[in-house]
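Structural overview
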Amino acid sequence: MREENIYIPPALLEQLERDGIPPKRVRDLIQTAEAHGIKFRIGADYCASQRMGTITLWVVYHILSSGEIHVDRAYHHRMQLIPEEESHA
């Protein structure tokens, strides 16, 4: 998948700029998610995340029949999600 196949709407580009997140980071996250299958399914959309220092970046996107990817939302937070270990006691 080429970076040119990932479309980020102008309003979202503005939000990313305000938040100090380079659009390339969003595109790289999607490329990694697609290449390695590290993503969640939310209806017809996909969601992928990546730790960036002290924050976690989340991206919600969908794939068109042409193969082009449209980014719907991107957001970040400082909370770290850690799965609870199963107890076999």
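Look a little higher up for the structure.
All residue numbers here refer to positions counted from 1 along the written sequence of the relevant chain. Given that the model is predicted, a residue must reach a pLDDT of at least 70 before its local features are reported, and side-chain atom pairs must reach 80 or more before they are shown or counted; all residues, however, enter totals for whole chains, interfaces and linings. The basis for the side-chain values is all heavy atoms of the structure; hydrogens and waters are excluded.

Let us now look at the pattern of salt bridges. Only one rule defines a salt bridge in this text: a Lys or Arg side-chain nitrogen within 4 Å of an Asp or Glu carboxyl oxygen. Taken as a whole and judged by the stated rule, the model has two salt bridges. Across the pair lysine 24 and aspartate 28 runs a salt bridge, and its minimum N-O distance is 3.1 Å. Here the residue lysine 24 and the residue aspartate 28 both occupy positions in helix α2 (residues 23-36), the gap between them amounting to four residues, near one helical turn. Residue lysine 39 is joined to glutamate 34 by a salt bridge in which the shortest nitrogen-to-oxygen separation is 2.8 Å. Judged by its relative accessible area of 22%, glutamate 34 is partly exposed. Secondary structure elements follow DSSP: runs of H or I of four or more residues count as helices, runs of E of two or more count as strands, with numbering from the N terminus. For each residue, the accessible area found with a 1.4 Å probe, counting protein chains only, is set against the maximum for its type, and the residue is called buried under 20%, exposed over 50%, and partly exposed in between.

With respect to the element layout, isoleucine 63 can be found in strand β4 (residues 55-63). On the basis of relative accessibility, which here comes to 34%, the residue isoleucine 63 falls in the partly exposed class. Once the C-alpha coordinates of isoleucine 63 and alanine 44 are considered, the two residues, 19 residues apart in sequence, prove to be 8.5 Å apart. Beyond its immediate sequence surroundings of up to four residues, isoleucine 63 is in contact with Glu34, Tyr46, Glu68 and Ile69. Contacts are assigned to residue pairs with any non-hydrogen atoms lying within 4.5 Å of each other.

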